[in-house]
Amino acid sequence: MALALPIDSAANDLLNRNPLARVLGMVLDQQIPMEKAFSSPYVLTQRLGHDLDARELAGYDPEQLIAVFAQPPALHRFPKAMAARVQEVCRMLVDRYDGDAAGLWAGVTDGRELFNRIAELPGFGKQKAQIFLALLGKRFDVRPEGWREAAGGYGDPEAYRSVADVTDGESLRRVREYKQQMKAAAKAKAAD
């Protein structure tokens, strides 16, 4: 299993071999298309000139990191906020997992523990944590007991709800349709 998003093959390769790239793609996956979010770790490696390193990013000069994020094309529509968020996440990975992003899921005993670890990351609420847990389970065989339940509806093997379910252009279309339906339902509920 692996991630196969409709993005540059080198960006997919990075996501598949580098756990930090996966985490950062998920960090950036808000208010921009998922393809942009999950391509940005690869663009960041190009700008840095080497693979991603949580220790380096945690200790990077904040203004310089913002400049790296803001360089056209910007890595996110909110480069200042997201550079800061990436730095916060990397600091936590350094503090808790010795800078190893895979430490986030290494040695977990069950899905609830993994969910709790993910949910502790800066910027990861319940939904984002469930999506990332589903991504780890569905695409990277990180499957502690009860992982599907902890991932909520995102763990459903037949779902087309998130990046965890994207394997090609057709599945991406189905995920987008689902998201549009959810937005329409939320709008209708708010209007009532």
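Whatever comes next refers back to the structure up there.
The shown structure was predicted, so the numbers you read here are calculated from the model rather than taken from an experiment. Each chain has its residues counted from 1, running along the sequence as written. Reporting in this predicted model follows two pLDDT cut-offs: at least 70 for local features of residues, and 80 or more for side-chain atom pairs to be given and counted; totals over whole chains, interfaces and linings ignore these cut-offs and use all residues. Side-chain numbers here rest on the full set of heavy atoms in the structure, without hydrogens or water.

Draft legend 1. Up close: the environment of Pro 79. Its location among the elements puts Pro 79 in helix 6 (residues 79-97). Remark: exposure states derive from per-residue accessible area (1.4 Å probe, protein chains only) relative to the maximum for the residue type, with buried under 20%, exposed over 50%, and partly exposed in between. The exposure class of Pro 79 is buried, given its relative accessible area of 18%. Ignoring anything within four residues of it in the chain, the contact list for Pro 79 reads Phe 69 and Ala 70. Strands are runs of DSSP state E lasting at least 2 residues, helices are runs of H or I lasting at least 4, and numbering of each runs from the N terminus. In what follows, residue pairs with any heavy atoms lying within 4.5 Å of each other are defined as contacts.

Draft legend 2. Spatial organisation of the nonpolar core. Residues Leu 57 and Phe 132 are the most contacted members of the largest nonpolar core, which totals 66 residues. Ranked by residues supplied to this core, first place goes to helix 6 with 9 residues. Apart from residues no more than four positions distant in its own chain, Leu 57 is found in contact with Leu 20, Leu 24, Leu 44, Leu 48, Leu 52, Leu 65, Val 86, Gln 87 and Cys 90. To define a nonpolar core, start from buried Ala, Val, Leu, Ile, Met, Phe, Trp, Tyr and Cys residues and group those joined through side-chain atoms within 4.5 Å.

Draft legend 3. Quick peek at the pattern of salt bridges. Salt bridges are counted wherever a side-chain nitrogen of Lys or Arg sits within 4 Å of a carboxyl oxygen of Asp or Glu. Under the counting rule described, the total for this entry stands at 9 salt bridges. One salt bridge in this structure joins Arg 55 and Asp 98, with 2.3 Å as the shortest N-O distance. With Arg 55 in helix 4 (residues 54-59) and Asp 98 in the loop between helix 6 and helix 7 (111-119), this residue pair connects regions lying 43 residues apart in the sequence. For Arg 55, a relative accessible area of 43% puts it in the partly exposed group. The exposure class of Asp 98 is exposed, given its relative accessible area of 58%. Here Glu 120 ties to Arg 96 by a salt bridge, and the two come within 2.5 Å at their closest N and O atoms. Residue Glu 120 is located in the loop between helix 7 and helix 8 (126-140), and its partner Arg 96 is located in helix 6; the two are separated by 24 residues in the primary sequence. By relative accessible area, which is 43% here, Glu 120 ends up partly exposed.

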